[in-house]
Amino acid sequence: MKLLLESISKNSKDIEKVKDLYYISFPEVERHPMDLLFYKANLNYVDFLSIYDKDIFVGFTYLITHKNLTYVLYLAIDSNVRSKGYGSLVLSQIKEKYSKNQIILNIEVIDESAINFEQRVTRKKFYERNGYESSGLLYKDRWCLYETMVNGEKEVTKEEFYDLVKTFTGDSLFLFLEVQININKY
């Protein structure tokens, strides 16, 4: 089965569904302002895509590409259709579309004291089943610590990831976020 991926703009037919899913799926500290996402989506290295199975809204993804690295900043599947294989299908299509790139994404680090510990473990297992493995990098911003996972054969360096994030955010936002990308642990 092939899903339809459509570019999102402020005037997209299901923009309210995208916004609702965004606010439900990601904690406030993980959300960039929606206006910033729309603004950046006009750049040639960003893909803000709604996901459809025929006419059914399935979810959305937000991808940033810099050189040979594609970063899945957001991927969210609507709760009405979750656990039906759509997340795996989207990841497969991303890998196919960006076949020459390393695909990376961040997940919350596995922390037994976290309120959502089980969810974190489940999420990591999902990505591992879909060909992702730990890159050995940890991404930290002002609020959270994440493990960076990669799908591809080549190692991703912290310099490559750092360069991608800085290109996307710009200097001012990058400084505000206090982004750090390190190997192993802080």
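Q: I would appreciate a short explanation of helix α1 (residues 15-25) in the present structure.
A: Along an α-helix, a turn takes 3.6 residues, which lines up residues three or four apart on a common side. Where α1 is concerned, the buried positions are I15, V18, L21 and Y22. For α1, the buried positions fall inside an angular range of 130° around the axis, keeping them on one side. Those residues of α1 hidden inside the fold are in contact with α2 (34-41), β2 (46-53), β3 (56-66) and β4 (69-77).

Q: Sorry, what's going on with the environment of I94 here?
A: Turning to its location among the elements, I94 is positioned in helix α3 (residues 86-97). Sequence separation between I94 and T70 is 24 residues, and the spatial gap between their C-alpha atoms is 9.1 Å.

Q: Would you take a moment to explain the environment of N44 for this structure?
A: With respect to the helices and strands, the residue N44 is situated in the loop between α2 and β2. Judged by relative accessible area, N44 falls into the exposed class, the value being 78%. A C-alpha to C-alpha distance of 19 Å links N44 and Q93, two positions 49 residues apart in sequence.

Q: Looking at this structure, I do not really get the pattern of salt bridges. What am I missing?
A: Counted according to the given criterion, the structure contains 9 salt bridges. Note that D163 is salt-bridged to K67, the shortest N-O span being 3.5 Å. Note that D163 is positioned in helix α5 (residues 158-177) and K67 in the loop between β3 and β4, a separation of 96 residues in sequence. According to the relative accessible area criterion, K67 is exposed, its value standing at 66%. It is possible to trace a salt-bridge network through shared partners that takes in E108, R120 and R123.

Q: Would you mind showing me how to read the pairing of strand β6 (residues 133-140) here?
A: As a general feature of sheets, a regular strand has side chains that alternate between the two faces. Note that β6 and strand β7 (residues 145-151) share 6 bridges and pair antiparallel. Looking at β7, one finds that E133 is bridged to V150. Taken together, β6 and the strand that follows it, β7, pair antiparallel across an intervening segment of 4 residues. Where β6 meets strand β8 (residues 180-183), 4 bridges bridge the pair, whose relative direction is antiparallel. Within β8, the residue paired with K140 across the bridge is Q180.

Q: Hey, could you run me through the nonpolar core in this one?
A: In summary, soluble globular proteins display a tendency toward joint burial of nonpolar side chains. Among the nonpolar cores identified, the biggest contains 38 residues, and F48, F60, Y62 and F161 are the most heavily contacted of them. At the level of secondary structure, the elements contributing two or more residues to this core comprise α1, α2, β2, β3, β4, β6, β7 and α5. Here this core gets 6 residues from one element, more than from any other, and that element is α5. Contact partners of Y62, with chain neighbours within four places excluded, come to L36, L37, K40, A41, V46, D47, F48, Y71, V72, L73, Y74 and F168.

Q: Help me understand the side chain of T65 in this model?
A: Within the fold, T65 resides in strand β3. According to the relative accessible area criterion, T65 is buried, its value standing at 16%. Not counting residues up to four positions away in its chain, the partners in contact with T65 are Y45, T70, Y98, N101 and L164.

What counts, and where the lines are drawn
For every chain, the first residue of the written sequence is number 1, and numbering continues from 1 onward in sequence order. Given that the model is predicted, a residue must reach a pLDDT of at least 70 before its local features are reported, and side-chain atom pairs must reach 80 or more before they are shown or counted; all residues, however, enter totals for whole chains, interfaces and linings. Just so you know, side-chain values use all the structure's heavy atoms and leave hydrogens and water out. A 1.4 Å probe rolled over the protein chains alone gives each residue an accessible area, and that area as a share of the maximum for its type sets the label: buried under 20%, exposed over 50%, partly exposed in between. Note on conventions: DSSP H or I runs of at least 4 residues are helices, E runs of at least 2 residues are strands, and numbering of each starts at the N terminus. Note that the arc is defined by the directions from the helix axis to the C-beta atoms. Throughout, a contact is declared for two residues whenever any of their heavy atoms are within 4.5 Å. Note on definitions: salt bridges are taken to be side-chain nitrogens of Lys or Arg within 4 Å of carboxyl oxygens of Asp or Glu. DSSP bridges decide pairing: two strands pair if at least two such bridges lie between them. The term nonpolar core refers to a set of buried residues drawn from Ala, Val, Leu, Ile, Met, Phe, Trp, Tyr and Cys, joined through side-chain atoms within 4.5 Å.

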